[in-house]
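So you can see what is in the structure, the chains are spelled out below.
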Amino acid sequence: MWKILLCCLAALATCESVHYELNLNPNKTYEYKYSGDVNFGLGLPNLAESAVRISCNFKISGVSAETFLLQVSDFAFEELNGFPGKSSFHASPKLSQHIAAHLIKPFMFSYAHGHVGNISASAEIPDSVVNIIRGILGLFQVTLKTGNVFYELEEVNIHGKCQTNYATEMNEEKRNMTITQIVDVTACRVKAELYRGMATAVLDKVSKQRGESVSAIMKYVHIVKPTEEGGVITRAHGLERRHFSPFNVKDGTFKMQAIKEMVLLNVGDTATVVEFGPVESKGSLVYIFGNASIPIMMQNLDNPRQKATELIKHLAKTNKYEINSSTTEDTIKLYQLLRVVPCEELEYMWRDLADNPEHRRWFLDMIVEVSDARILTLLETRFQARDLSISEALQTFLMSINHLQAIPELVEKAQNFLNMPFSKSNTYLHQTVVLSYGSLVYKYCAYNTPCPVTAVQPLLDMAIESLRNNNEKDMILALKALGNAGHPRSIKTIMRFLPGVSANPVELPYRVLSAALQSLRLIAPRDPHSVQDLTMNVFLQKSLDSEIRMLAFMILLNSKPSFGLVSTLTAHLVEEKDLQVASFAFSYLRSFARSRTPEHFFLSTACNVAMKLLAPKLGRLSNYKSKAIRMDWFKDDFLMGAAAESFMLKRKVNHLPTEIMMKGKLFLIGRILQLLEIGINADGINDLIGNRIFSYEDFQAFFSLIEKNGRLPDSKTLLSVFTRASGQEWFYIDINMELIQNLIRVFRPSAGKESPLWDVIERLHQGQSWHWTKAFLIMEARYLQSTSLGLPMEISKYYHVLNGVTVKAKATVNPPMNKNIGELLASEISMETDGFFGYTKDFWLFYGINTELFQCGSEFKGKLSIAVPWNFHAKLNVKAKEFELDAHPCKKEIKLLSVSSDVYAITRNSIDTDATKITPMLPNTMDADDQFVLIYMDPIYLLCMFPIQKYQKQKMWHPKFKTCAKSKTYGAGLCLEFELRRLYYQEEYPLYYFLGYTRVALTIVPVDAVKAADKIHFEVHAYPSSLLTASHQQPETLKSLSKEDTQQESMSCSASDGESLDSNQDFVLEELDSKCEPVLTIKVLAMSGNRMPEGYHAVFYRTADANVRKHKMIVSQVGRDANWKMRINTLKKMHSDVTTHISWGAECQSSEVSIKCSGLHGSKSTYKSKVHWRKIPKTMAAMGRSIETYIPGMAFLLGFTQQCQINAKQEVSTTITSSADGIGVMIHFPEYTIYSQYVPVPLAPDMVLQQAISNTTIYSSGDM
């Protein structure tokens, strides 16, 4: 018995001597085997994927109680690029050797109680290699709470500081513990992530509540064995899954899966002490980002200066006359090379390339993407040397600063340009420098909160100095720059310029007040309460000009006021006496009430309540008063939307608007991208003309008023125009009286040889050529985050444009000018010209691993090319109102438009660039074993027609189409072709729409003509607007070319039209009482020697009756035995319907269609239209029947109701009626009717229909 008791006591003592708390014994050496894979694709069969694998053995030995050395051996790097089950990993020996050369050196780290501390290594080891070590050590980062089965805590890991959920499970049989960690990487409070190029893309927090475009989760499983020194990890496994979509992740994603595993091989006593050299701290376990290269390109970066110089010369040569779309990817290579060229070598490149205009322009266009201190140093040298033209300096500085890294050192360095003499030598260059600096401050503040006031201080000083000197231009410039900066600390300075809120009020011009209020636009998101207090104060000052109050209201509403603040505004608007302000405010509130974007979800609710209170009083204000109109759209499945706004601000006593602004926004993957914004300020013109009304016929009187100006000083700004991109104002121009008077003097007919226009014409006599190219990286948006392997995952978007224009021209004037340029109006001007206009746009989307050594991931490539070459002879005679153009017939294929895109699995490395592999994600051909159903219909249509369960398997969608419109008369044809190849998975909608090959092309092709033509002749002849002369003085050629007497046509138009429209008696009687006069003649003919021309000839007619507006167009075929003709008649009586009749074919008898439109104003505006056909071609009927098959399904999706009923045959009619906040639509087809009593519209329904009715009337009554 005592022996049994002794054994129990020994076992108990042993149990108490071992424990699970994680520690390493400094006197032992631990040997592990490690491997890690990361895979990118869709995780679906038959779609290409890419992956990399790293594997090694490593030893850990002690240096001190909590300091250890890690030594790596047998490192291997492998790549995979291909299709699941058909491709395997293959070794990359060159890259393995390169990385192993760094890893062979020991790494030092601290470790205690399961936590990895500081990591140290030799100074020369790059961060990308240290990060691989972080990935290995991440498997040792475990927090164990004994006695707890489940617990959660926030701890540091390779992803940052994240909430981690732990679960522990004891295995008594194996005497070990399983510890499971779950980390929601998406929700980490402090993330190891990096944004670049997204400072002006505002984060939309409400949109992110509707869905994410990126999600990531990490799971670790550790097997821990207890020992006397503590728990030892015998096996560890990590699984990381990430999902990315340009849309919502719940509707199909690109997938990343990272797996890493570590197995304990041996534990033994440390035999010898490892010797190591000096080391430096490399940081903690949290991932550190290095200088990753551009992800869509990889090349050897040795000797970058020489390679960059050669590439610039190559690009200049290959794009000399026209854009070579195949070279656009070389521009990305050039950006990559320039980013590693040392500063002093950039100066050498400038000296080498500056003397050649083409090389010089390419260098200046490309160097702006260096984006660090080197570009500022280069520009500072150029500004001091003054060896750039104003245009070159303006463009280069603008692009450089807007693409510059927003870090403190560069912001401080950029301040030097504000006071450089060369910066102030030109008005527009100075504006560009100041505005660009403001943009740089905005980006700096986007990444630094709170933002130091020192960054914006130079602009604050400039504003205060301009106010002290009462310099209007400087005040506007400083305020616009402060608006770009959007710094909250600038509010106090801006208040000095605003009425009623400044401690020392001063009277300032409207343009200054407008600039001051608009400078608050980007401060509002950063300090909304201060902006709301300020703008509310201005808005409530009813003594101020209407436009100032409206601007204040606009800024206030864009600051997303609370429900209570909107209620306060509503209460004041109920009592508002200024109808301009009331109309503007009401229309803006109504627009927000209809908003569907997440950004304004809460504001929309508040505005809906406000509408119920304001509509009875303000709902019927005139459309000609001040207005603010907003239209938007948002789709949750796509996490995408768009919005457009326009503003018209008017003063009580003026008929012209004081200010007009238009802007747009794009909502994309949880961010708001502000698009182009344009504004026009016409305050000076209003001061000039007062409340006078100028009609379209009074422009000459208006110019005379400017020319004889005595009311305003020459320096007075009449018109100011500004433009903004991404919310940043980058250019504005003030047009003053002096400038307009100078332009009038230049272009007036009496101007002589002193006019610049005379010099232009003289140079055209001698022959001129001009060539211009512009390479522009519009977007470089990058998001980087660590993976568990210590490899950086990157999502990048690149958008690049290469524009090109070439013009060669030589002109003759007969008789030549002798005294003034007005003699051109009586001369015949001829011009020979050839040239090219075009551009290529490239878009890349990358999702994968990107380091300076290798890349692996999924990549979308899209290309759009437009090329328009020309070669023709033109002739213009202003006095005779004739224009002629002769072009050569088509001899070779001309690709006008080309669109292509595809998605690829890619692997690249910089050590062995020949090993690059790019595989289309969707295979071009399918193996016999692959099970595909080939469909040619739209998958969305399939989803609507069939149960989803039948379409869970993969479908190949491969529509292919080509059609050509060929003319044997002109010997040319226009071909449209497209091809799509998609692998359709219902669960991947809408992502699968973009996963595959796309090609669209629009091409002019030569066609074998019936008769070979020497030239294609185009001619336009306008007739005087007089019935007495026009109907009797027509050229004899008109008669011979059209096979008819056009004079007889004009006199007998009533009879012919009466026969074709005998069903409309009023129309016939009206025609019998009217006479037609020709307005315009157009000829397009193929001409060859003395043979009779062939082609088409069109004549436009109109009536001269004041009570009836009638227009007529007759198109006739020209040539032997030609009898094809088209006749279009349009009739509009005063306050009546619009009727159009179209007939065409042989002698205008084959086909016939009539259209009738009418509108009615009243309590509910109504718009009606009807299309009736008697005879139409079979192809047109077949096309109509094909379209009709889609109508019931589309009507159902849009919420329309379908009712089967027999309506008029061969007729379609539509009735649209306005309602309170939408429109009612009813459409009658021959066999059924579809209708909806409510269709929401972004604008006021009455406004929409009244504008449509008005447009119908204007179009029908206007002159052709």
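From a predicted model like this one, the values you see are computed outputs, not experimental measurements.

Engineer: Hey, could you run me through the overall build of the protein in this one?
Structural biologist: On a plain count of helices and strands, the protein comes out with 34 helices and 46 strands. Residues classed as buried in the protein amount to 50% of the 1264 residues present. The contacts in the protein between residues at least 6 apart in sequence include a share of 68% that link residues at least 24 apart. By element, 56% of the accessible surface of the protein is carried by carbon and sulfur atoms, the whole surface being about 58,700 Å².

Engineer: Can you walk me through the pattern of salt bridges in this structure?
Structural biologist: Close approach of charged atoms allows side chains with opposite charge to pair. Counted under the stated rule, the structure contains 45 salt bridges. Ionic pairing is found between D365 and K774, a salt bridge with its closest N-O pair at 3.0 Å. Of the two residues, D365 is situated in helix α8 (residues 357–367) and K774 in strand β23 (residues 768–786); the sequence distance between them amounts to 409 residues. The class for D365 is buried, based on a relative accessible area of 9%. Through salt bridges with shared partners, a single network forms among E329, E859, K861 and R908.

Engineer: Before we go on, may I ask you to explain the pairing of strand β13 (residues 214–225) in this structure?
Structural biologist: Walk down a regular strand and you will see the side chains alternate between the two sheet faces. Every second residue of β13 is oriented toward a common face, the buried set being V214, A216, M218, Y220, H222 and V224 and the non-buried set S215, I217, K219, V221, I223 and K225. As paired elements, strand β9 (residues 176–183) and β13 share seven bridges and run antiparallel to each other. From the neighbouring strand, T178 faces β13, where its bridge partner is I223. Between the antiparallel neighbours β13 and strand β14 (residues 232–244) lie six residues, among them G230 with a positive phi of about 135°.

Engineer: Explanation requested: the packing of helix α7 (residues 343–353) against α8 in the structure shown.
Structural biologist: What describes two packed helices is the angle between their axes and the distance between those same axes. The geometry of α7 relative to α8 is characterised by a closest axis approach of 9 Å and an angle of 155° between their N-to-C directions. When the interaxial angle is binned, α7 and α8 end up roughly antiparallel. Contacts between α7 and α8 pair L346, M349, W350 and L353 from the former with H359, R360, F363, L364 and I367 from the latter. Looking at the contact of α7 with α8, its residues break down into seven nonpolar, one polar and one charged.

Engineer: What should I look at first to understand the nonpolar core in this one?
Structural biologist: One finds L338, M349, F363, F383 and F553 to be the most contacted residues of the largest nonpolar core, which totals 135 residues. With residues up to four places along the chain from it excluded, the contact list for F363 reads I312, L346, M349, W350, L353 and L378.

Engineer: What exactly am I supposed to notice about the packing of aromatic side chains here?
Structural biologist: Each aromatic ring pair is summarised here by two numbers: the centre-to-centre distance and the angle between the ring planes. This model, assessed by the stated rule, comprises 34 aromatic pairs. Judged by centre distance (4.7 Å) and plane angle (55°), the ring pair of F77 and F854 falls under tilted. One end of the pair, F77, is in strand β3 (residues 67–82); the other, F854, is in strand β26 (residues 854–877), with 777 residues separating them in the sequence. The class of F77 is buried, set by a relative accessible area of 1%. Members of the aromatic cluster, connected to one another through ring pairs, are Y32, F58, F68, F109, Y111 and F140. Taking the ring centre of Y732 as reference, the NZ or CZ of K480 above it sits at 4.9 Å. Here the basic side chain of R549 rests over the ring of F539, its NZ or CZ set 5.1 Å away from the ring centre.

Engineer: Even after reading the chapter, I still don't get unusual backbone geometry, so can you show me in this structure?
Structural biologist: Across residues other than glycine, the phi torsion is negative in most instances, and most of the peptide bonds are trans. In this model, T449 is joined to P450 through a cis peptide bond whose omega is -5°. Secondary-structure assignment places P450 in the loop between α12 (427–447) and α13 (457–469). The step from N814 to P815 runs through a cis peptide bond, and the omega angle for that step is -5°. A positive phi angle, close to 55°, is found at R175, a residue other than glycine. Looking at where R175 falls in the secondary structure, it is placed in the loop between β8 (160–171) and β9. One non-glycine residue, Q1210, lies in positive phi territory at about 50°. Mapped onto the fold, Q1210 is located in the loop between β43 (1201–1204) and β44 (1211–1218). Here Q1210 falls in the partly exposed class, since its relative accessible area comes to 37%.

Engineer: How should I be thinking about a nonpolar patch on the surface in this particular structure?
Structural biologist: Together, M662, L675, L676, I678, I680 and W730 line one region of the surface with nonpolar side chains, adding up to about 510 Å² of accessible area. If one sorts the elements of the nonpolar patch by residue count, strand β20 (residues 671–681) sits on top with four residues.

Engineer: Is there a simple way to think about α7 in this case?
Structural biologist: Restricting attention to buried positions, one finds in α7 the residues L346, E347, M349, W350 and L353. Seen end-on, α7 carries its buried residues on one side only, within an arc spanning 160°. On the buried face of α7, the contacting elements are α5 (304–318), α6 (328–338), α8 and α9 (373–385).

Quick notes on the rules
Residues numbered from 1 in each chain as written. Predicted model: local features only at pLDDT ≥ 70, side-chain atom pairs only at ≥ 80, totals over all residues. Heavy atoms only, no water. Helix = DSSP H or I, 4+ residues; strand = E, 2+ residues; numbered from the N terminus. Buried < 20%, exposed > 50% of the residue type's maximum accessible area, 1.4 Å probe, protein only. Contact = heavy atoms within 4.5 Å. Areas by Shrake-Rupley, 256 points an atom, 1.4 Å probe, with all protein chains shown as cover. Salt bridge = Lys/Arg side-chain N within 4 Å of Asp/Glu carboxyl O. Pairing = 2+ DSSP bridges. Axes fitted to C-alpha atoms, helices over the stretch in contact; angles between N-to-C directions. Parallel < 35°, antiparallel > 145°, perpendicular 65-115°, else oblique. Nonpolar A, V, L, I, M, F, W, Y, C, P; charged D, E, K, R; others polar. Core = buried A, V, L, I, M, F, W, Y, C linked by side-chain atoms within 4.5 Å. Phe/Tyr/Trp six-rings, centres within 6.5 Å; stacked < 30°, edge-to-face > 60°. Lys NZ or Arg CZ within 6 Å of the ring centre and 35° of its normal. Patch = residues over 30% accessible without salt bridge, like charges linked within 9 Å, V, L, I, M, F, W, Y side chains within 5 Å. Arc of directions from axis to C-beta.

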